[in-house]
Amino acid sequence: MDVCVVGGCGRVGLPLGIALASRGLSVVLYDIDATAVDTVNAAVMPFAEHGAAELLAEAVAAGRLVATTEPSSVGRADALIVVVGTPVDEHLNPDLGAVPRAIERGAEYLRDGQLIVLRSTVYPGVTALTERLLSGRGLDVDVAFCPERIAEGKAMTELFELPQIVAARTPQALERAEKLFRTLTDSIVRLEPEEAELAKLFTNTWRYLKFAAANQFWMMANDFGLDFARIRHAVTFDYPRADDLPMPGFAAGPCLLKDTMQLAAFNRNNFVLGHSAMLINEGLPLYLVSRLEDRFDLSELTVGILGMAFKGGSDDSRDSLAYKLRKILTLKARETLCTDPFVRDDRFLPLDEVLKRADLLIIAAPHPQYADLETDTPLIDMWGLTGTGVLV
């Protein structure tokens, strides 16, 4: 095989494997999730990713893509791409052992001459840690860090269009990693490993900071009875220096907060901007409910939460702040109902039933299905999805 992707049936590894296979490479996906492996081998996507299903079916039918739970598969490929990142624990401290544990799981099958690529976001220094780990096992391999940069739902476009960051300690490793990712695009940016590790963290943290700024501005406007959507339009209209100011909304998911906290830990927890952004973004559900309490007697109302994914158009509910909103409303409201067109959960209700039963509606994830809702029930739309303003 040309490539083995470790963690290959997940939301980062599978699109990458499909993209490489679509360019003619032979790819094996190694994953410990047997259900996901069976699903992929049946040429079925285990999650939503626009444009991936057809390419997956073609790759599986052609024999260019296969999934397995066998750790020995890591020794079958010229290049090994590890998409296991660095999580943070319950105290928001980076777990530096996640990547080494993933490599150790199949380390006995690794062989000299392989290219080992770390693909997910890692804490600065994990590439060097991986180099030492492999060298300590007596392996003569090339190690590179080439972070993924895709947004969920856009992987099958962005993998081919966005520049690929390629970083390695030695010229040989750099050349091999660049050759591999030129399979996807000719746009390559070379960095040192530590530069690339920070580049990835800076990217996600910058997005988190921007969302926090928008959310803080929104709260300021709300508290003075002003509509932030109108103000933002004036700020951004034909004014390119401000056109990256987002609308307000829940800034969540598996990356942004985690990576901001990793960057804070790297800088000895001296990151006032990052910690302030966390307080703003993570505090948004409570702020929203407090504003609603000023307008409504929530204890007498059934509240419907529309959308439980962490972002619009996605079936991914990981770390979604909609669940924090639900937890708060469970204590405050008479009854709380949830619905989502993409996220599967037996506790969720069909949209029609929520619309029928709810006295108050809140759009928690800006799914396009909610843009044209026809309802006489009060609707809270902090995202500006419905075009009716964001004043709460």
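My aim in this report is to walk through the structure given alongside it, one point at a time. Note that the structure is predicted; figures quoted are calculated from it, not measured. (Residues numbered from 1 in each chain as written. Predicted model: local features only at pLDDT ≥ 70, side-chain atom pairs only at ≥ 80, totals over all residues. Heavy atoms only, no water.)

## What about the overall build of the chain?
- When its secondary structure is counted, the chain shows 14 helices and 12 strands.
- A globule of 392 residues ought to have a C-alpha radius of gyration of about 21 Å, and the chain, at 23 Å, matches this closely.
- Dimensions of the chain, computed from the C-alpha atoms along their principal axes, are close to 65 × 45 × 40 Å.
- Looking at the chain residue by residue over its 392 residues, the buried ones come to 53%. (Helix = DSSP H or I, 4+ residues; strand = E, 2+ residues; numbered from the N terminus. Rg over C-alpha atoms; globule rule 2.2 N^0.38 Å. Buried < 20%, exposed > 50% of the residue type's maximum accessible area, 1.4 Å probe, protein only.)

## Focus on helix α3 (residues 52–61)
- Taken together, the buried positions of α3 are occupied by A52, L56 and A59. The buried residues of α3 occupy an angular sector of 70 degrees when the element is viewed end-on, so they sit on one face. Facing away from the buried surface of α3 by more than 90 degrees, the exposed residues are E54 and A61.
- Buried residues along α3 sit in contact with α1 (13–22), α2 (34–41), β3 (65–68) and α6 (155–161). (Arc of directions from axis to C-beta. Contact = heavy atoms within 4.5 Å.)

## Observations concerning the pairing of strand β4 (residues 79–82)
- Residues A79 and I81 line one face of β4 and the alternating positions L80 and V82 line the opposite face, and both faces are buried.
- With 4 bridges connecting them, β4 and strand β5 (residues 115–118) associate as parallel partners. In the sheet register, I81 faces β5, and the bridge partner there is V117.
- Traced from β4 through helix α4 (residues 98–105) to β5, the parallel crossover comes out right-handed. (Pairing = 2+ DSSP bridges. Right-handed = clockwise from strand over helix to strand, strands pointing away.)

## A look at the environment of V27
- Summarising the element assignment, V27 is placed in strand β2 (residues 27–30).
- Look at V27 and you get buried, because its relative accessible area is 0%.

## Let's talk about the layout of surface pockets
- Taken as a whole, the second largest pocket holds about 180 Å³ of empty space.
- D2, L25, D78, A79, L115, R176, K179, L180 and T183 are the residues that line the second largest pocket.
- A per-element tally of the lining of the second largest pocket places helix α7 (residues 171–181) first, with 3 residues.
- In the lining of the second largest pocket, the residues fall into 4 nonpolar, 1 polar and 4 charged. (1 Å grid on protein atoms, 1.4 Å probe; cavity = no way out; pocket = protein on both sides within 12 Å on 5 of 7 lines; lining within 4 Å. Points joined across faces, edges and corners; volume = space filled by probe spheres on them. Nonpolar A, V, L, I, M, F, W, Y, C, P; charged D, E, K, R; others polar.)

## Things to note about the sheet that holds strand β9 (residues 302–306)
- The sheet built from 4 strands is open, its strands ordered β10-β9-β11-β12 with parallel pairing. A single partner strand is all that each edge strand has here, and the edge strands are β10 (335–339) and β12 (379–380).
- Alignment of β9 against strand β11 (residues 360–363), held across 4 bridges, turns out to be parallel. When the sheet's bridge partners are listed, G304 is paired in β11 with L361.
- Sheet strands in contact with helix α13 (residues 321–332) are β9, β10 and β11, and its direction is about 175 degrees off that of β9. (Axes fitted to C-alpha atoms, helices over the stretch in contact; angles between N-to-C directions.)

## With respect to the pairing of strand β7 (residues 164–168)
- Counted residue by residue, β7 has 5 buried out of 5 residues, so it is predominantly covered.
- Here β7 shows no split at all, with Q164, V166 and A168 on one side and I165 and A167 on the other all buried.
- Judged from the 2 bridges that link them, strand β6 (residues 142–145) and β7 form a sheet pairing that is antiparallel. Opposite A144, over in β7, you have A168 as the bridge partner.
- As defined by bridge partners, β7 adjoins strand β8 (residues 188–191) across 4 bridges and the pair is classed as parallel. Residue A167 lies in a different strand from β8, and its bridge partner there is L191.
- Following the chain from β7 across α7 to the adjacent parallel β8, one finds a crossover that is right-handed.

## Re the state of the cysteines
- Evaluated as defined, the whole model comprises 0 disulfides.
- Unpaired in terms of disulfides, C146 finds its nearest cysteine sulfur in C4, a separation of 16 Å.
- With no disulfide of its own, C255 lies 17 Å from the sulfur of C146, the closest cysteine sulfur. (Disulfide = S-S within 2.5 Å.)

Function cannot be read off these values alone, since they describe shape.
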